[in-house]
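Structural overview for review
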Amino acid sequence: MGTTVFERTPPAPRVIAHALAGTRQSVFWLDDLPASRPRASFAGEATADLVVIGAGYTGLWTALAAKRRDPSARVVILEGKRVGWAASGRNGGFCEASLTHGRDNGLARWPDEIDRLDEMGLANLDAMGDDIARLNIDADWERTGSLGVAIEPHQLEWLDEWAEDAASRGEEGVVRLDEEQTRAELNSPTYLGAVWEKRSTAMVHPGKLAAGLARAAEEAGVEIFEESPVHALDDDGDRLKVVTLRGRITAPRVVLATNVFPSLLRRNRLMTVPVYDYVLMTEPLSDAQLAEIGWSSRQGLSDLANQFHYYRLSRDNRILFGGYDAVYHYGRQVRQRYEDRPASFERLASHFFTTFPQLEGLRFTHKWAGAIDTSTQFSAFYGTARGGRVAYAAGFTGLGVAATRFAGDVMLDLLEGQATERTELEMVRKRPLPFPPEPVAAVGINMTRWSLDRADHDRGRRNILLKTLDALGLGFDS
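Overview of the structure.

Reading the values: the criteria
In this numbering scheme, every chain counts its residues from 1 along its sequence in written order. With the structure being a predicted model, the display of local features is reserved for residues of pLDDT at least 70 and the display and counting of side-chain atom pairs for 80 or more, all residues being used for whole-chain, interface and lining totals. Values reported for side chains reflect all heavy atoms of the structure, with hydrogen atoms and water molecules removed beforehand. One bridge is not enough; two strands pair if DSSP finds at least two bridges between them. Numbering goes from the N terminus for both helices and strands, where a helix is a DSSP run of H or I of at least four residues and a strand is a run of E of at least two. Exposed residues in this analysis have more than 50% of their type's maximum accessible area, buried residues have under 20%, and partly exposed residues fall in between, with area computed by a 1.4 Å probe over protein chains only. Multiplying 1.5 Å by the helix residue count minus one yields the expected span of that helix. Contacts are residue-level and defined by heavy atoms, with any inter-residue pair within 4.5 Å sufficient. Think of each axis as a best-fit line through the C-alpha atoms, taken over the contacting stretch in the case of a helix, with angles from 0 to 180 degrees between the N-to-C directions. In this scheme, roughly parallel covers angles under 35 degrees and roughly antiparallel covers those over 145, while 65 to 115 is roughly perpendicular and the rest are oblique. Crossing handedness is defined as follows: a turn of the near helix away from the far one that is anticlockwise and smaller than a right angle gives a left-handed crossing, while the clockwise case is right-handed. Each residue gets one label: Ala, Val, Leu, Ile, Met, Phe, Trp, Tyr, Cys and Pro are nonpolar, Asp, Glu, Lys and Arg are charged, and the others, such as Gly, are polar. Any pair of Phe, Tyr and Trp rings, taking the six-membered ring for Trp, is counted once the centres come within 6.5 Å. Such a pair is stacked with planes under 30 degrees apart, edge-to-face with planes over 60 apart, and tilted for the rest.

Description of the pairing of strand E16 (residues 300–303)
As paired strands, strand E6 (residues 146–150) and E16 are joined by four bridges and run parallel to one another. Among the inter-strand pairings, Gly148 is bridged to a residue of E16, identified as Ser302. Here two bridges tie E16 to strand E17 (residues 309–313), and the two strands are oriented antiparallel to one another. Note on E17: the bridge partner recorded for Leu301 is Tyr311. Linking E16 to E17, which pair antiparallel, is a turn of five residues.

Structural notes on unusual backbone geometry
Omega for the bond connecting Glu438 with Pro439 falls within 30 degrees of zero, at 0 degrees, which places this linkage in the cis form. Here Pro439 lies in the loop between helix H14 (426–429) and helix H15 (440–456). For Asn136, which is not a glycine, the phi torsion comes out positive at approximately 55 degrees. Look at Asn136 and you get exposed, because its relative accessible area is 63%. A positive phi angle, close to 60 degrees, is found at Arg332, a residue other than glycine. Examined against the element boundaries, Arg332 turns out to sit in the loop between strand E18 (319–328) and helix H12 (342–355). For Arg332, a relative accessible area of 15% gives the class buried.

Details of helix H10 (residues 206–219)
Look at H10: 20 Å from first C-alpha to last across 14 residues, which is about the 20 Å you get at 1.5 Å a residue. A large share of H10 lies buried, amounting to ten of its 14 residues. Along H10, the positions that sit buried rather than exposed are Pro206, Gly207, Lys208, Leu209, Ala210, Gly212, Leu213, Ala214, Ala216 and Ala217. Residue Gly221 follows H10 closely and has a positive phi angle near 105 degrees.

Details of the environment of Leu290
By secondary structure assignment, the location of Leu290 is in helix H11 (residues 287–293). When its relative accessible area of 18% is taken as the criterion, Leu290 is described as buried. Separated by 70 residues in sequence, Leu290 and Glu360 place their C-alpha atoms 13 Å apart. For Leu290, the residues in contact, after removing those within four places along its chain, are Leu285, Leu313 and Asn317.

Focus: the packing of helix H4 (residues 57–69) against helix H13 (residues 403–415)
At their nearest, the axes of H4 and H13 sit 8 Å apart, and the two run at 50 degrees to each other. Considering the angle they form, H4 stands oblique to H13. With respect to the hand of their crossing, H4 and H13 are arranged in right-handed fashion. Counting all contacts with H4, which are made through Tyr57, Thr58, Trp61, Thr62, Ala65, Ala66, Arg68 and Arg69, the residues of H13 involved are Thr404, Arg405, Gly408, Asp409, Met411, Leu412 and Asp413. For the contact of H4 with H13, the residue count by class is six nonpolar, four polar and five charged.

What to know about the packing of aromatic side chains
Counting across every chain of the model gives 16 aromatic pairs. Seen in terms of ring centroids, Phe352 and Phe353 are 5.0 Å apart; in terms of plane orientation they differ by 85 degrees. Their pairing is edge-to-face. This pair shows no difference in class: Phe352 is buried, exactly as Phe353 is. Ring centres 6.2 Å apart and planes at 65 degrees place the aromatic pair Phe381 and Tyr392 in the edge-to-face group. With Phe381 in strand E20 (residues 381–385) and Tyr392 in strand E21 (residues 390–394), the pair connects residues that are eleven residues apart, well separated along the chain. We classify Phe381 as buried; its relative accessible area is 1%. On the basis of relative accessibility, which here comes to 4%, the residue Tyr392 falls in the buried class. Here the aromatic cluster, defined as three or more aromatic residues joined through ring pairs, consists of Trp295, Tyr311, Phe321, Phe352, Phe353, Phe356 and Phe364.

What about helix H7 (residues 114–134)?
Residue pairs spaced three or four apart in an α-helix point in one direction, given the helix's 3.6 residues per turn. If you check H7, its first and last C-alpha atoms are 30 Å apart, about what 21 residues at 1.5 Å a residue would give, namely 30 Å. Of all the residues in H7, the buried ones are Ile114, Leu117, Met120, Gly121, Leu122, Asn124, Leu125, Ala127, Met128, Gly129, Asp131 and Ile132. Asn136 sits one or two positions beyond H7 and adopts a positive phi of about 55 degrees.

In structure tokens, the structure reads:
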């Protein structure tokens, strides 16, 4: 087996130790928000027209869309902790148009719909930008596009195929860059070439987006209660009773926007697994440091490995650098203790300085992790329960920043019993296969992770396990 660029040219241990000294175990995006008082928790008895469980992006977009459809409706959001504290406040801030975790995944699963799915995804991203402007949300929105970079010779062929496919379909804004052109955009000695998708990705500040959506929702009349975890969802005649520790809300319709957390519906308990993703954030780059690497177009970036990295600039020119490790813990548990994993942060720091050796001496101010709701189809699944009175969406698999907005409209269509273009999609009508129960899940996921790492060390060649999973339409990703 071969070695990767990160193993061939690692930085000295002292560089990593210096960079991580004093790094805070804290989410930069949430620390970067103005201090605010917690919202009240829910107590007592109440009725509503719609109860949304979860105040991340999925829940907030759904509530806003519901008030847009019926301004007189009483819409209540119940959040177990604080608005945007989980995946919505911890992600990289990549708003990708794709609703299918990339065209290749969508083409393999829904070939008859993929062109329309791509169009709908781009329209959703456009509308998201319009909403952010209309609602006056200051979320550092930048429609920069993204670079997919090759860092190993075998990946250059993938770039060629990517660009040729886009050209054959007449897709605009997809540009193939050679090594010199790529390094003119962002100067790393690891880059061999890239594809720049100029239209399909925006950058956003995750924490500001969640806070802004919550503020806009409240201005529209949505009631948001924090520190109000839901313990049960009971039938109450033709209505539903949503039970919290200190109260109950009765409503004819409920949306489950809990994503990675255990579903209130038994049928969905095996549909996702929580996969932990790790992130570093640097101190702001000086003008001289920024000049060393360029990046004047401020695109988001990711490399083409199975165990890939993603990185981007913040408004004050910090570099967020995350990915590579995707860690599953036995038992499908979401636990705070999983967020501090020194080996992952040290590995990320090493890979950062392999990518940007000219930034030696730069320090990391923040390190954090979050759980991703991974599904076997790599993208969200949808459905209803309790006679069509409950709608859900989950399984975004790390590509939900924009797709959650689309999901909100899908769920409202389903609750209203509407046959729309969205609800008629095969992607919406059919559920993916579940993950197996333990211990099979842990064994299978860890064997898949090992196989993906082997492929990265063998010019991308997929072993029999990965080929079998591909043929069955199953997978594991972050």
